[in-house]
Each structure stands twice: as structure tokens, then as C-alpha cells.
Amino acid sequence: MAESKPKPKIKKEAVPIPKQLPEVRRSNFNEVALGYTEEQALEEANRCLQCPKPQCVQGCPVGVEIPAFIKLLREGKYAEGIRKIKEKNILPAVCGRVCPQEEQCQMKCVLGKVGDPVSIGRLERFLADWERAHGLEMPEKAPPTGKKVAIIGAGPAGLTVAADLAKLGHEVVIFEALHLPGGVLVYGIPEFRLPKSIVYAEVEYIKKLGVDLKLGYLIGRTFTIPELLKERGFDAVFIGTGAGLPQFLGVPGENLGGIYSANEFLIRVNLMKAYAFPDYDTPIRIGKHVAVIGGGNVAMDAARSALRLGADEVCIVYRRTREELPAREEEIENAEEEGIIFKFLTAPKQFIGDEKGWVKQMECIAMELGPPDESGRRRPVPIKGSEVLMDGDNVIIARRRTPNPIIQRTTEGVQVTKWGTILADENGKTSLEGVYAGGDIVTGEATVISAMGAGKRAAKAIHEYLMNKK
Ligand code: FAD
Ligand code: SF4
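The notes below deal with the structure included here. Everything numeric in this text was worked out from a predicted model, so none of it was measured.

Calculation rules
Residues numbered from 1 in each chain as written. Chains lettered and ligands numbered in written order. Predicted model: local features only at pLDDT ≥ 70, side-chain atom pairs only at ≥ 80, totals over all residues. Heavy atoms only, no water. Helix = DSSP H or I, 4+ residues; strand = E, 2+ residues; numbered from the N terminus. Buried < 20%, exposed > 50% of the residue type's maximum accessible area, 1.4 Å probe, protein only. Contact = heavy atoms within 4.5 Å. Areas by Shrake-Rupley, 256 points an atom, 1.4 Å probe, with all protein chains shown as cover. Lys, Arg positive; Asp, Glu negative; His and termini not counted. Charge placed at Lys NZ, Arg CZ, Asp CG, Glu CD. Phe/Tyr/Trp six-rings, centres within 6.5 Å; stacked < 30°, edge-to-face > 60°. Lys NZ or Arg CZ within 6 Å of the ring centre and 35° of its normal. Core = buried A, V, L, I, M, F, W, Y, C linked by side-chain atoms within 4.5 Å. Salt bridge = Lys/Arg side-chain N within 4 Å of Asp/Glu carboxyl O. Pairing = 2+ DSSP bridges. Axes fitted to C-alpha atoms, helices over the stretch in contact; angles between N-to-C directions. Near = heavy atom within 4 Å. Polar contact = N/O pair within 3.5 Å; in protein donor to acceptor, adjacent residues only side chain to side chain. Nonpolar A, V, L, I, M, F, W, Y, C, P; charged D, E, K, R; others polar. Patch = residues over 30% accessible without salt bridge, like charges linked within 9 Å, V, L, I, M, F, W, Y side chains within 5 Å.

A tally of helices and strands in the protein chain yields 18 helices and 14 strands. Considered along the principal axes of its C-alpha atoms, the protein chain spans approximately 75 × 75 × 50 Å. Classification of the 470 residues of the protein chain by burial places 52% in the buried group. A fraction of 69% describes how many contacts in the protein chain between residues 6 or more apart in sequence connect residues 24 or more apart. Only carbon and sulfur atoms are counted for the fraction: they give 52% of the accessible area of the protein chain, which is about 22,000 Å². On the protein chain, the mean spot of the 64 positive side-chain charges and the mean spot of the 62 negative ones are 3 Å from each other.

Here it is, written out as C-alpha cells:
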């Protein structure tokens, strides 16, 4: 009887990604994670078991055929590998950097039961970066259909719909209010996590598909949705305007100088390049003691940006405990390594200013966790008499953001929820004929990949609508 060959042993630990050292990166805006070398990518790809019923694919909101691209990667077929990813995901270099894979594809990976799951995101990033260095390959397009679609917003949702519809042969125009495309990818997420040049390279690819990108068009002001449909010859509209309206705490002293919303702070830093002042026009005032209120990705990004801008001490003030922090674990660890201080079970009660009207201190109250609230997380409850003063000559409020109401107010008949999000079914269909919506404008603030997943479903529904329209 022939002896069966012993199976090669799979390493339990994932290949770590090289990073800038904390003491170096805390004073620069260069990318923190440096990406796998070819050797590291091959080693990590070889950990994949090529499962016949891959659970990881079920965890991907856009359905990337993960084992298939990993197989191509480990055979050295990089061009084919990235083509395989792009069949489903047109922003792989972005997603490979910022997607919460640990809660999606990687959470479902069978290897996670015995050790680290396969680092799917890092492998995706490796192939996307390889393609950027070796030249982009364009997919085939269907012949023109003669139908025209307006996309409002050039964030992940709008870009996904635009690319999918352009590939299907429709004429696509994106209207973006800002002077740059990318949505939160460029105005929110800082350079050290997602370099802008990477976002622009992925947008270039979408433009090469024939998508017309019009910047500086605020829909609701420049044109309304009824005008686009009735007077400007569009057969359908997709709304992907996100949730960019900052929320404040509503406590005394919030109008003092030196208190920013995270939105304003990050826009100044990212979009207006305040970190390179005076080479760029936009200044930003950073104090010695910066307090960031909140615990999500936005709070981590604001805190780590403030540190890089020269603050002596940056403290994240969060109402719950470390366990409930909603930010990605990887980014929490990066923040801790860089020296960000965390004050848990603490909330500001009021801000105290100096004689010139600038914030100098915060009165904070200690919290304890009570029974779960509607989000399923334990509700923080203030502990009476536990007030303390904390120094803070800069405060950044990183609360959950809500949609800007301009589209809702200027589009008669579009149904809206009590939170100001647009009501749409799972395929993005709104209450108005030919008008679809997806991404944060429908779900409220979520993730890049969930916005892209909504974009893919909406593109399919819009295509069907257009092809059946008389
Ligand atoms: P957006 O990205 O908000 O894009 C909407 C676009 O529409 C914008 O460009 C806006 O200017 C434009 N627009 C708005 N109104 C109009 C109008 N009337 N006319 C024309 N254009 C308009 N998610 C992750 O998965 N991982 C992360 O690490 C992560 N980090 C984040 C960090 C920060 C600081 C922030 C703010 C968010 C983060 N997110 C992260 C969330 C993620 O970025 C969003 O869920 C995602 O960008 C939503 O995509 P979208 O296309 O729906 O909207
Ligand atoms: Fe590979 Fe994990 Fe997917 Fe299995 S579940 S195919 S091991 S990535």
C-alpha cells in the first residue's frame, strides 16, 4: 500500500505586517502599515486551506472570491489575482487598508478556530499595490445602452454604482459637492492610514471606465433631483451622499474657542493639508492637552492626527470601557502604541473657558455600565458626585454623524426616517420612481465595504429598471 504524504503543517500565526516604529510615526503623516513584501505575501497566501466551502466569502459584503484570488497569488499570477478581486471590488487598495476584515471575511475564516485567520485584507492590498506599480488593466465593457444615470456623491457607494453601471454600458455622471472625489476616504481618513494618492488612483480607474466626474456640484443647490430627471435627461438617479453632518454633545461651553467637531478638524487636516501649513493655506491650532470625545474610528483618527500635529498629550475620553470601543482593534492598538491616553467610563459635563473665550478645562463625570440600551451595548450611567476637572486646551468632539438634509428637503416625495436617513429597500429603491440610494445616507454611519455592498445591489437594481423602462 502506497504511503500517504504527510500534509504540510500550517503556521498558526499570520505573517505580521511591517510598520513604522511608534516613536518615529507619531510625528509624521506617512503611512503606518508598510504592506507585505512579495515573499511575505506568498508565505501568508500559503496558509490558506483553499476550503471547498469557503466561509470567508460569505463574510465579504461584496462577495469577492477570496480563495480563488489567493490561489492565483500563490501561483505568482498577480495580474489574474487582482482581476479576480476587481470583478467584485473596484476599490481593493482602499479596502485592503481600511476594511474591518476582522469582523467580516477574516472572522469567518476556518483558520481562526485554531490560530490567526488568513490576513485576507493584507493580501488584497498586496495585489492592488502590485497592480498600481505595474499598470492598470481595464475590463471589458458592454456596448452603450443609450441610458443615462446621475450619481450624487463620489464616496465608496457612489463610485461603486458608477463603475458597475459604466461596465454595463450606461452613460454615468457623478456629481460631487467637494473639489475632490473619494468622500470620507479623502476628507475623513488621514494620510497615515490611507494615502490620498491611493484613493485618486482607484478613482482614475473608474474614470477610465468612461464615468464623467463633475466636482463642485452640490445637488439640491446646483440642480435638484427632479431637475436631473425631468430637465437634464437622466433616466435614473443614485443618492450616495453619506452622513457627514457633525453632532455635538449639547453641554455648556461647547461654543468656546479651541473646540472642534472631528469633521471640521479632519477636513482641515486632510483635505486642506493643515499639517503642511504654511506650505498650504489652512492653519490649525493645536493645544498642549488635547481631549477627544468618542471611541470610534473617527476618534482614533482625530487623536492620532492631533498627536502628529505636535500636542504634548492626547487623551481619548469615552463613556464605556475598552471592550465597547467601536473602533477597529488594529487602530486602537496603533493609538496605544503611539502613546494616546484612554480615559474610560468618563464623560464631559461642561467646558470651561479662559478670559479670552478659549477652552482650558473640562468638567467630567465618572460613569458605570447599566443594562443594555437599544444598540445592545450596556448603557453608561453617570455616578452622582464623581465630577473632576481635566485640563484640555483643545477638544475634538467625535460623535456619531448624521446625513446632511439638503437632498431630503429639495426632493418632494422622498421618504426619510426619523434619523434623517433616506428610506430605501435592500436594493436601494426609494419611494420615488427611478431614484435609488445606498451607503451611509441609508444606514447612517457604517463602513466603506457596507457602502460598496449597497452600491453593488443598487447598480444591479438600476440596470434592471433601465432595461425594462419603456
Ligand atoms: P461618503 O464617504 O460620506 O461620501 C459621500 C459623498 O457625497 C461625499 O464626497 C460628499 O461630499 C458627497 N455629497 C454629500 N452631499 C452631496 C450633495 N448634495 N451633492 C453632491 N455631493 C454630495 N469605514 C471603514 O470601513 N473603515 C475605517 O477605517 C473607517 N474609518 C473612518 C474614519 C473616519 C474619520 C470617518 C468619518 C469614517 C470612517 N469610516 C470607516 C466610515 C466610512 O468611511 C463610511 O462608512 C463610508 O465612507 C460611507 O460611504 P458613502 O459613499 O456612503 O459616503
Ligand atoms: Fe482560505 Fe480561510 Fe477562506 Fe478557507 S476560510 S478559503 S482558509 S481564507
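Okay, back to it.
It is worth spelling out the packing of aromatic side chains at this point. This structure, assessed with the given rule, holds 10 aromatic pairs. Ring centres of Phe342 and Phe344 lie 5.6 Å apart, and the angle between their planes is 20°; on these two criteria the pair is classed as stacked. Judged by its relative accessible area of 27%, Phe344 is partly exposed. Cluster of aromatic residues (ring-pair linked, three or more members): Phe175, Tyr217, Phe223 and Phe234. Looking at Lys86, its charged tip hangs above the ring of Tyr205, at a distance of 3.6 Å from the centre.

Let's shift gears to the nonpolar core. Grouped together as the largest cluster of nonpolar side chains are 73 residues, with contacts concentrated most on Ile66, Phe69, Leu123 and Ile462. Element by element, the count of residues in this core is highest for helix α18 (residues 448–468), at 10 residues. If sequence neighbours within four positions are ignored, Leu123 has contacts with Tyr36, Ala41, Glu44, Ala45, Phe69, Ile70, Leu73 and Val118. The next biggest cluster of nonpolar side chains, apart from the first, holds 30 residues, and it includes Phe192, Leu325, Ile332 and Ala335.

Moving on to the pattern of salt bridges. The final tally for this structure, using the stated rule, is 36 salt bridges. Among the salt bridges present, the one from Arg97 reaches Glu31, with a minimum N-O distance of 2.7 Å. With Arg97 in helix α6 (residues 92–98) and Glu31 in the loop between α1 (22–25) and α2 (38–45), this residue pair connects regions lying 66 residues apart in the sequence. On the basis of relative accessibility, which here comes to 8%, the residue Arg97 falls in the buried class. With a closest N to O distance of 3.9 Å, Glu331 and Arg193 form a salt bridge. Here Arg193 lies in the loop between α10 (184–187) and α11 (196–208) and Glu331 lies in helix α15 (residues 329–338), a separation of 138 residues in the sequence. Both residues of the pair, Glu331 and Arg193, belong to the buried class.

Right, let's get into the sheet that holds strand β5 (residues 259–261). The strand order β5-β13-β6-β7-β8 describes an open sheet built from five strands, whose pairing is parallel. At either end of the open sheet lies a strand with only one pairing partner, and these are β5 and β8 (341–343). Pairs of neighbouring strands in the sheet enclose a mean axial angle of 20°, with direction left out of account. Relative to β8, strand β7 (residues 313–317) runs parallel, the two sharing three bridges.

Now for the site of ligand 1. Inspection of the region around ligand 1 gives 36 residues, with Val98, Glu176, Arg193, Ile219 and Asp440 positioned closest. In the model, an oxygen atom of ligand 1 is placed 2.9 Å from a nitrogen or oxygen of the Ala157 main chain. The separation between an oxygen atom of ligand 1 and a polar main-chain atom of Thr447 is 3.4 Å. Considering ligand 1 on its own, with 1,000 Å² of exposed area, one finds that the protein chains cover 96% of that surface. Mapped onto the shell around ligand 1, the elements with two or more residues apiece are α9 (156–167), β2 (171–176), α14 (297–308), α16 (406–410) and α18. Tallying contributions element by element places α14 first for the shell around ligand 1, with three residues. Residues that form the shell around ligand 1 fall into these classes: 21 nonpolar, 10 polar and five charged.

Taken together, the side chains of Arg319, Arg377, Arg399 and Arg400 make up a positively charged region of the molecular surface. Note on placement: Arg319 falls in the loop between β7 and α15. Judged by its relative accessible area of 42%, Arg319 is partly exposed.

Right, let's get into the environment of Ile10. By the element assignment, Ile10 lies in the segment before α1. Counting along the chain gives 36 residues from Ile10 to Asn46, while the straight-line C-alpha distance between them is 8.2 Å.

A word on the environment of Phe175. On the secondary structure map, Phe175 appears in strand β2. For Phe175, a relative accessible area of 4% gives the class buried. Once residues lying within four places of it in the same chain are set aside, the contact partners of Phe175 are Ala150, Ile151, Ile152, Gly153, Lys214, Tyr217, Ile219, Phe223, Leu228 and Phe234.

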